[in-house]
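# Examination of the molecular architecture
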Amino acid sequence: MTKPLRKAVLPVAGLGTRFLPATKAMAKEMLPVVDKPLIHYAVEEARAAGIEQFCLVTGRGKTAIVEHFDIAFELEATLRGRGKQAELRMLREWQLPPGAMVTVRQQEPLGLGHAIWCARAFIGDDPFAILLPDDLILSETPCTMQLANAYYETGGCVVAVTEVPHEQTSRYGILDIASDDGRLVDVRGLVEKPKPEDAPSDLSIIGRYVMMPEIIPHLARLERGAGNEVQLTDAMAKLIGQVPFHGLRYEGRRFDCGDKIGFLEAQIAFALKRADMSDAVKAFLKTYCAELFG
Ligand code: G1P
């Protein structure tokens, strides 16, 4: 019997140096795509997959993220006073139930594996999702729900994967494939950020995982890997053979919002999906295209 997936860990302690100066005094996870912060998309996606309990792994300067998920009493009172019912409803619609979100602090930037290990008391003995808010995914079925469905099919760990250009393997966790049915991949091994010549495949992990609590003892060793950081990928590699381990080619388009170009592309793609904006966006895109390409 697979245990239901109800918990998610969201690492948000990163400094966001690629977005300076925007991220000097503001958490990178608060950067908006259209009108919602990145962290908001991640929490919405997780909720759509049945996640009920959230753990943010935060660091210094991340208070705004916690505020974002709190009730803004003064704001609501002002909106009520001004009769702004639609805005009030919108705020209330995505309000988390009391106690649904906790935070733990990653005191030192020792890597993604270390961040997840910091959430060990929250994880306890339960399966949990991991969402890296920098990775934004536009899809029919929310990506975490696709992973959850695969998890209920196979049990064990499921990670979202996609093919990347061979010369980019050194940016990602890469799968060593045992077998592949085109959708689900049976994983034999994992390597964090291999050079193209050392990469066992071009299938990379993106920032969505369903993980088993058995990962914690492996993380607890705090062994350093690529970039001298405690890597989640290295601890996951140790789980292979201990629990079922699959990669899922998810349906959807991923935007790397930790990168300026990826972030910009996400703005356009998400705005084009908005009924209230798509016509205006198409109109200005048409103008730019005409100017650029004649
Ligand atoms: C992390 C993981 C890597 C994964 C990537 C997806 O790397 O360590 O395995 O492929 O996220 O975005 P980071 O982007 O934090 O360097």
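The notes below deal with the structure included here. (Residues numbered from 1 in each chain as written. Predicted model: local features only at pLDDT ≥ 70, side-chain atom pairs only at ≥ 80, totals over all residues. Heavy atoms only, no water.)

## Remarks on the pattern of salt bridges
It is possible for side chains of opposite charge to pair when their charged atoms get near one another. Scanning the model with the defined rule gives 18 salt bridges in all. Its salt-bridge partner being R188, residue D176 comes within 3.5 Å of it at the nearest N-O pair. With D176 in strand β9 (residues 173-180) and R188 in strand β10 (residues 184-192), this pair connects stretches of sequence that are twelve residues apart. Owing to a relative accessible area of 24%, D176 belongs among the partly exposed residues under this scheme. Here D276 and R274 are joined by a salt bridge, their closest N and O atoms 3.0 Å apart. Taken together, the salt bridges that share partners define one network made up of K3, K7 and D126. (Salt bridge = Lys/Arg side-chain N within 4 Å of Asp/Glu carboxyl O. Helix = DSSP H or I, 4+ residues; strand = E, 2+ residues; numbered from the N terminus. Buried < 20%, exposed > 50% of the residue type's maximum accessible area, 1.4 Å probe, protein only.)

## With respect to the nonpolar core
Buried together is how nonpolar side chains tend to be arranged in soluble globular proteins. M211, I215 and M236 are the most contacted members of the largest nonpolar core, which totals 71 residues. The element contributing the most residues to this core is strand β11 (residues 203-211), with six residues. For M236, the residues in contact, after removing those within four places along its chain, are V159, L190, I205, Y209, M211, I215 and F245. Ranked by size, the runner-up nonpolar core spans 13 residues in total, among them F19, L31, V33 and F255. (Core = buried A, V, L, I, M, F, W, Y, C linked by side-chain atoms within 4.5 Å. Contact = heavy atoms within 4.5 Å.)

## As for the site of the ligand
Around the ligand lies a shell of 14 residues, among which D135, G173, E192, K193 and I205 are the nearest. Between the ligand and T233, the relevant distance is 3.2 Å, taken from an oxygen atom to a side-chain nitrogen or oxygen of the residue. In the complex, 75% of the free accessible area of the ligand, which totals 390 Å², lies under the protein chains. Grouping the constituent residues of the shell around the ligand by class yields six nonpolar, four polar and four charged. (Near = heavy atom within 4 Å. Polar contact = N/O pair within 3.5 Å; in protein donor to acceptor, adjacent residues only side chain to side chain. Areas by Shrake-Rupley, 256 points an atom, 1.4 Å probe, with all protein chains shown as cover. Nonpolar A, V, L, I, M, F, W, Y, C, P; charged D, E, K, R; others polar.)

## Brief notes about the environment of V281
Topologically, V281 is positioned in helix α11 (residues 278-293). Considering only alpha carbons, one finds V281 and V161, 120 residues apart in sequence, at a separation of 30 Å.

## Description of the layout of surface pockets
Taken as a whole, the second largest pocket encloses approximately 250 Å³ of empty space. Listing elements by their share of the lining of the second largest pocket, those giving two or more residues are α1 (38-48) and β7 (135-138). Taken together, the residues of the lining of the second largest pocket break down into eight nonpolar, one polar and four charged. (1 Å grid on protein atoms, 1.4 Å probe; cavity = no way out; pocket = protein on both sides within 12 Å on 5 of 7 lines; lining within 4 Å. Points joined across faces, edges and corners; volume = space filled by probe spheres on them.)

## Comments concerning the packing of helix α10 (residues 260-272) against α11
Where α10 meets α11, the closest approach of the two axes is 8 Å, and the angle between their N-to-C directions is 130°. One element, α10, and the other, α11, form an angle in the oblique class. For the pair α10 and α11, contact is made by I268, A271 and L272 and by S278, V281, K282 and L285, respectively. A per-class count over the contact of α10 with α11 returns five nonpolar, one polar and one charged. (Axes fitted to C-alpha atoms, helices over the stretch in contact; angles between N-to-C directions. Parallel < 35°, antiparallel > 145°, perpendicular 65-115°, else oblique.)

## Examining helix α9 (residues 232-239)
Residues of α9 that are buried include every one of L232, T233, A235, M236 and L239, and no others. Buried residues in α9, looked at end-on, bunch into an arc of 160°, giving them a common side. Of the residues one or two after α9, G241 is the one with positive phi, at around 100°. (Arc of directions from axis to C-beta.)

## Brief notes about the side chain of D135
Inspection of the secondary structure assignment puts D135 in strand β7. The buried category is assigned to D135, whose relative accessible area is 7%. At 2.7 Å, the side chain of D135 and the backbone nitrogen of G207 are in polar contact. At 2.7 Å, the side chain of D135 and the side chain of R254 are in polar contact.

## Some points on the packing of aromatic side chains
This model, assessed by the stated rule, comprises six aromatic pairs. With a centroid separation of 5.1 Å and an interplanar angle of 50°, the aromatic rings of Y151 and Y152 are classed as tilted. Assessed through its relative accessible area of 2%, Y151 is described here as buried. Seen from their ring centres, F284 and Y288 are 6.1 Å apart, and the 80° between their planes marks the pair as edge-to-face. (Phe/Tyr/Trp six-rings, centres within 6.5 Å; stacked < 30°, edge-to-face > 60°.)

## Quick notes on empty space enclosed by the protein
Under the defined criterion, the tally for this structure stands at one cavity of 30 Å³ or more. Estimates place the volume of the largest cavity at around 60 Å³. Around the largest cavity, the lining residues are H218, L219, E223, V230, Q231, D234, A235 and K238. In terms of residue count, the dominant contributor to the lining of the largest cavity is α9 (three residues).

What is shown is where atoms sit, not what they do.
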